[in-house]
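Letter by letter, the chains look like this.
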Amino acid sequence: MSERLKVRFAYQRGWQVVDGSAILSTFQNKEGAFQFLVDRGTRVWLQWGRTVIGGQTAPFDFAAQFQQDSVGRIMKRLHGSEKGTWFWTCHEGGARGTVKTKEEAVVEVERAYTGCVVKADWR
């Protein structure tokens, strides 16, 4: 099983957890699907895209979405004593921090959002 799994809304079926094209399980609500992830030590695979501010894409700045909701953001620090590190934040629950790499920042946002949906404390 992957360390990241997709959760999708399946019209008239509820919420599905999928790994690639394989449906692993279906749930009546989003929280049940996310609890499935937590129980298996995995995290949700969020959709990532460039952050757009005033019609311009910001360098080294990415936004995470689940469905159509903005749920987190990561950005590389370009100045100061933390130059070269990555700041991350999960909008729901307020979790945030600084890590060394972009990949670590993605993991932290996805873990924080997964835990926030089911009110799990992974810290």
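Look up a bit, the structure's there.
The rules we used
- Along every chain, residues carry numbers that run from 1 in the direction the sequence is written.
- This being a predicted model, a pLDDT of at least 70 is required before a residue's local features are given, and a value of 80 or more before pairs of side-chain atoms are given or counted; all residues contribute to the totals for chains, interfaces and linings.
- Water and hydrogen atoms were dropped before computing side-chain values, which therefore reflect all heavy atoms in the structure.
- Ring geometry is summarised as follows: Phe, Tyr and Trp rings, the Trp one being its six-membered ring, pair when their centres sit within 6.5 Å, and such pairs are stacked at plane angles under 30 degrees, edge-to-face over 60 and tilted between the two.
- The numbering of helices and of strands both runs from the N terminus, where a helix is a DSSP run of H or I of at least 4 residues and a strand a run of E of at least 2.
- Criterion used throughout: strands pair if DSSP finds at least two bridges between them.
- Accessibility here uses a 1.4 Å probe with only protein chains present; expressed as a share of the type maximum, an area under 20% marks a residue as buried, one over 50% as exposed, and anything in between as partly exposed.

Chemist: Mind showing me how you'd approach the packing of aromatic side chains here?
Modeler: We describe a pair of aromatic rings using the distance from one ring centre to the other and the angle between the two ring planes. Per the stated rule, a full pass over the model turns up 7 aromatic pairs. Residues W15 and F66 carry aromatic rings whose centres are separated by 6.1 Å and whose planes lie at 20 degrees to one another, so their mutual orientation is stacked. Here W15 is found in strand β2 (residues 14-19), whereas its partner F66 is found in strand β6 (residues 56-66), with 51 residues between them in sequence. When the centroid spacing of 5.8 Å and the interplanar angle of 85 degrees are considered together, the rings of F34 and Y113 count as edge-to-face.

Chemist: Honestly, the sheet that holds strand β3 (residues 22-27) in this entry has me stumped. Any pointers?
Modeler: Strand pairing within a sheet occurs via backbone hydrogen bonds; the two strands may be parallel or antiparallel. Read across the sheet, 4 strands follow the order β3-β2-β1-β4 without closing on themselves; strand pairing throughout is mixed. If you trace the sheet from one side to the other, it starts and ends with β3 and β4 (43-44), each paired once. As paired elements, strand β1 (residues 4-10) and β4 share 2 bridges and run parallel to each other. What sits directly across from R4, in β4, is R43.

Chemist: Can you help me understand the pairing of strand β8 (residues 86-90) in this one?
Modeler: Moving residue by residue along a regular strand, the side chains alternate between the two faces of the sheet. When you tally the buried positions in β8, you get 5 out of 5 residues, the bulk of the element. Covered by surrounding structure in β8 are W86, W88 and C90 together with F87 and T89, the residues of both alternating faces. Bridge analysis of strand β7 (residues 69-76) against β8 gives 5 bridges, and the strand direction is antiparallel. Looking across to β8, one finds that R73 is bridged to T89. Summarising the sheet, β8 and strand β9 (residues 96-99) pair through 4 bridges and their orientation is antiparallel. Counterpart to T89 in the pairing with β9 is R96.

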